[in-house]
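Chains, contacts and geometry: an overview
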2 protein chains.
Amino acid sequence: MKKINDISTEDKIRKAAENEFMKKGFAAARIRDIAVNAGINLALLNYYFRSKEKLFELVMAEKIERLFALVIPVLNEKSTSLKQKLVLISEHYTQMLLDEPSLPAFVISEMQQQPEKFAGRIRFSSEIMKSEYISQLKEIDPNTNPVDHLISYLGILIFPFLMRPVLAASDTLDDKSFKEQIEKRKKLAPIWMGNILGLDKI
Amino acid sequence: MKKINDISTEDKIRKAAENEFMKKGFAAARIRDIAVNAGINLALLNYYFRSKEKLFELVMAEKIERLFALVIPVLNEKSTSLKQKLVLISEHYTQMLLDEPSLPAFVISEMQQQPEKFAGRIRFSSEIMKSEYISQLKEIDPNTNPVDHLISYLGILIFPFLMRPVLAASDTLDDKSFKEQIEKRKKLAPIWMGNILGLDKI
DNA sequence: GTCTATAGAGGGATAGAC
DNA sequence: GTCTATCCCTCTATAGAC
């Protein structure tokens with residue numbers, strides 16, 4: 001038992017596991033390294049979490065939530081206009097991604113490599129189809145495909161973070177100028193999406 | 001020595017390596033499995049390619065080329081309009097991605113996990129900045145950021161393939177309906193990008 | 001060029017003392 | 001709860017016969 005203000009051993013391991021898995025992915029991650037970075041040893045890690053797999057699933061569940069659940073409350077909000085929703089989504093995602101830039105690549109690559117693990121865990125379009133956002137979109141254009149548009153919007157917002165290694169390899173793109181570029185895109189993205197949806201024509 | 005029409009051992013290994021690396025990523029891939037799927041054994045694989053690392057780099061180099069180089073000739077073409085370039089990019093990428101749907105997730109995740117290997121290999125924005133596409137874009141709006149727009153466009157085109165496991169997990173999205181959706185997006189994407197760039201206002 | 005056999009290292013997991 | 005020591009398996013890579 002630790003002092004109340006101390007970080008519990010369990011949380012230290014969890015935190016170290018996040019770093020390791022996010023940096024190297026499941027297959028390349030070493031639970032030995034997680035233990036060292038948590039300041040404990042291998043046996044104790046297994047005492048708390050039973051196996052590498054179980055520890056990974058815990059981390060992953062939280063990351064998925066963080067990546068996808070962000071958008072749901074915004075889409076459901078009754079008091080905001082479509083335009084406002086676009087602005088809010090851009091702001092929320094940009095902030096979260098600047099805080100955790102490698103989150104999308106991590107989730108995407110693990111989803112690709114072990115889709116079994118995600119079977120029950122993602123409820124995406126069902127929640128979206130019932131949202132306020134859909135109603136507002138249908139008002140503008142009854143034939144529109146809302147999931148399609150949302151994918152495009154998330155692509156615009158998230159893709160720069162996936163391409164960052166490419167940009168960094170060709171340009172000399174340091175942290176500062178990347179962040180500047182992202183801040184500009186944060187403002188532009190809802191306008192672009194408005195153009196796609198034809199919002200200015202109303 | 002094989003018959004001329006036979007696939008050489010080297011190519012059999014290469015092909016099997018592609019499958020294995022694309023499916024599991026570098027860290028989880030097993031050269032034993034590559035050897036088995038190539039119809040040979042482990043020792044022979046090392047005889048041809050020296051090491052797992054070297055084999056991987058060969059595969060990766062080709063995949064990067066396939067993913068990024070596709071867009072360069074289109075951007076450089078002097079005889080096509082901006083609108084036509086958008087259509088061509090959409091068509092080329094859609095066709096390539098339908099042919100090899102897991103290519104982007106593979107490249108992105110390996111880039112993230114081992115950026116060292118890509119240092120010299122990607123020349124992206126330098127080639128783009130000199131292209132015909134840039135001149136045409138500057139005519140419309142001298143203040144536009146062409147790399148930014150290109151990232152958005154590639155995001156729109158590529159992101160659905162990265163999200164596919166998500167879509168498959170929530171909907172029941174089979175191969176056929178995914179392909180239909182992509183074919184629709186192929187036609188819509190250049191229009192959307194035209195809206196973003198304000199092409200219809202000219 | 002192609003094989004069998006094995007060296008050699010590293011990783012996940014557990015036994016058992018404290 | 002936490003540690004040290006170790007088991008045991010799997011993987012890459014190579015030696016050496018054919």
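Rules used in this analysis
Residues numbered from 1 in each chain as written. Chains lettered and ligands numbered in written order. Predicted model: local features only at pLDDT ≥ 70, side-chain atom pairs only at ≥ 80, totals over all residues. Heavy atoms only, no water. Near = heavy atom within 4 Å. Polar contact = N/O pair within 3.5 Å; in protein donor to acceptor, adjacent residues only side chain to side chain. Helix = DSSP H or I, 4+ residues; strand = E, 2+ residues; numbered from the N terminus. Least-squares fit on C-alpha atoms with pLDDT ≥ 70 in both. Contact = heavy atoms within 4.5 Å. 1 Å grid on protein atoms, 1.4 Å probe; cavity = no way out; pocket = protein on both sides within 12 Å on 5 of 7 lines; lining within 4 Å. Points joined across faces, edges and corners; volume = space filled by probe spheres on them. Nonpolar A, V, L, I, M, F, W, Y, C, P; charged D, E, K, R; others polar. Axes fitted to C-alpha atoms, helices over the stretch in contact; angles between N-to-C directions. Parallel < 35°, antiparallel > 145°, perpendicular 65-115°, else oblique. Left-handed = near helix turned anticlockwise from the far one by under 90°. Domains from an automatic or database assignment. Buried area = accessible area lost by both parts, 1.4 Å probe. Salt bridge = Lys/Arg side-chain N within 4 Å of Asp/Glu carboxyl O. Buried < 20%, exposed > 50% of the residue type's maximum accessible area, 1.4 Å probe, protein only. Core = buried A, V, L, I, M, F, W, Y, C linked by side-chain atoms within 4.5 Å.

Looking at DNA strand D, there are 17 residues lining it, with Asn41, Ala43 and Tyr48 of chain A together with Arg32 and Lys52 of chain B nearest. For DNA strand D, a sugar or linking oxygen lies 2.8 Å from a polar atom in the side chain of Asn41 of chain A. Within the residue set of the surface near DNA strand D, elements represented by two or more residues are helix H3 (42–49) of chain A together with helix H2 (31–37) and helix H3 (42–49) of chain B. Top contributing element to the surface near DNA strand D by residue count: H3 of chain A, with four residues.

This part takes up the relation of the copies chain A and chain B. The operation relating chain A to chain B is a screw motion whose rotation component is 180 degrees, with 0.0 Å of axial translation and a residual RMSD of 0.0 Å. Those values place the two copies in the arrangement expected of a two-fold rotation axis. Minimal C-alpha separation from the rotation axis in chain A is found for Gly155 of chain A, amounting to 2.3 Å. Looking at chain A, 100% of its interface residues are interface residues in chain B too, so the copies touch through the same face.

The next thing to look at is empty space enclosed by the protein. Enumeration according to the criterion identifies six cavities of 30 Å³ or more in this entry. Its boundaries defined by the atoms lining it, the second largest cavity holds a volume of some 70 Å³. What lines the second largest cavity is a set of 15 residues, and nearest its centre among them are Ala27 and Gln113 of chain A together with Lys24, Ala27 and Gln113 of chain B. Listing elements by their share of the lining of the second largest cavity, those giving two or more residues are helix H1 (9–28) and helix H7 (103–113) of chain A together with helix H1 (9–28) and helix H7 (103–113) of chain B. Counted by class, the lining of the second largest cavity contains six nonpolar, five polar and four charged residues.

Here we take up the packing of H7 of chain A against H7 of chain B. When two helices pack together, their arrangement is given by the angle between their axes and by how far apart the axes lie. Where H7 of chain A contacts H7 of chain B, the two axes come as close as 9 Å, and the packing angle between them is 125 degrees. In this view, H7 of chain A runs oblique relative to H7 of chain B, as classed from their interaxial angle. In this structure, the crossing between H7 of chain A and H7 of chain B has a hand that is left-handed. Contact residues: H7 of chain A offers Ala105, Ile108, Ser109, Gln112 and Gln113 of chain A, while H7 of chain B offers Ala105, Ile108, Ser109, Gln112 and Gln113 of chain B.

What follows deals with the domain arrangement of chain A. Interface size is commonly expressed as the accessible surface area that is lost when the partners come together. Residues and elements named next belong to chain A. Per the domain assignment, the segments making up chain A are domain 1 (4–50) and domain 2 (62–201). Summarising the inter-unit geometry, the C-alpha centres of domain 1 and domain 2 are found 30 Å apart. On the domain 2 side, the residues contacting the five residues of domain 1 number eight residues. Counting the surface lost from both domain 1 and domain 2, the interface buries some 560 Å², and carbon and sulfur atoms represent 58% of this. Looking at the side of domain 1 facing domain 2, the largest losses of area belong to Glu18, Met22 and Phe26, adding up to 83% of the total buried there. For the interface between domain 1 and domain 2, the tally reads one salt bridge. Summed over the shared surface of domain 1 and domain 2, the number is two residue pairs in polar contact (both at pLDDT 80 or more).

The next subject is H7 of chain B. For H7 of chain B, the buried fraction is high: nine of the eleven residues fall into the buried class. Those residues of H7 of chain B not exposed but buried are Leu103, Pro104, Ala105, Phe106, Val107, Ile108, Ser109, Glu110 and Met111 of chain B. Close packing links the buried residues of H7 of chain B with H7 and helix H10 (146–170) of chain A together with H1, helix H4 (52–68), helix H6 (82–99) and helix H10 (146–162) of chain B.

All right, on to the nonpolar core then. Formed by 132 residues in total, the largest nonpolar core has its most connected members in Phe21 and Tyr93 of chain A together with Phe21 and Tyr93 of chain B. No other element matches H10 of chain A, which puts 14 residues into this core. Not counting chain neighbours up to four residues away, the residues in contact with Tyr93 of chain B comprise Leu67, Phe68, Leu70, Val71, Leu154, Leu157 and Ile158 of chain B.

So, about the packing of helix H6 (residues 82–99) of chain A against helix H11 (residues 175–197) of chain A. Residue and element names in this part refer to chain A. It is at 9 Å that the axes of H6 and H11 come closest, and there the two elements cross at 155 degrees. Relative to H11, H6 is oriented roughly antiparallel. Pair H6 / H11 crosses with right-handed handedness. Between H6 and H11, the contacting residues are Leu86, Val87, Ser90, Glu91, Thr94 and Leu98 on the first element and Lys179, Ile182, Glu183, Arg185, Lys186, Ala189, Pro190, Met193, Gly194 and Leu197 on the second. Among the residues making up the contact of H6 with H11, the classes are represented as eight nonpolar, three polar and five charged.

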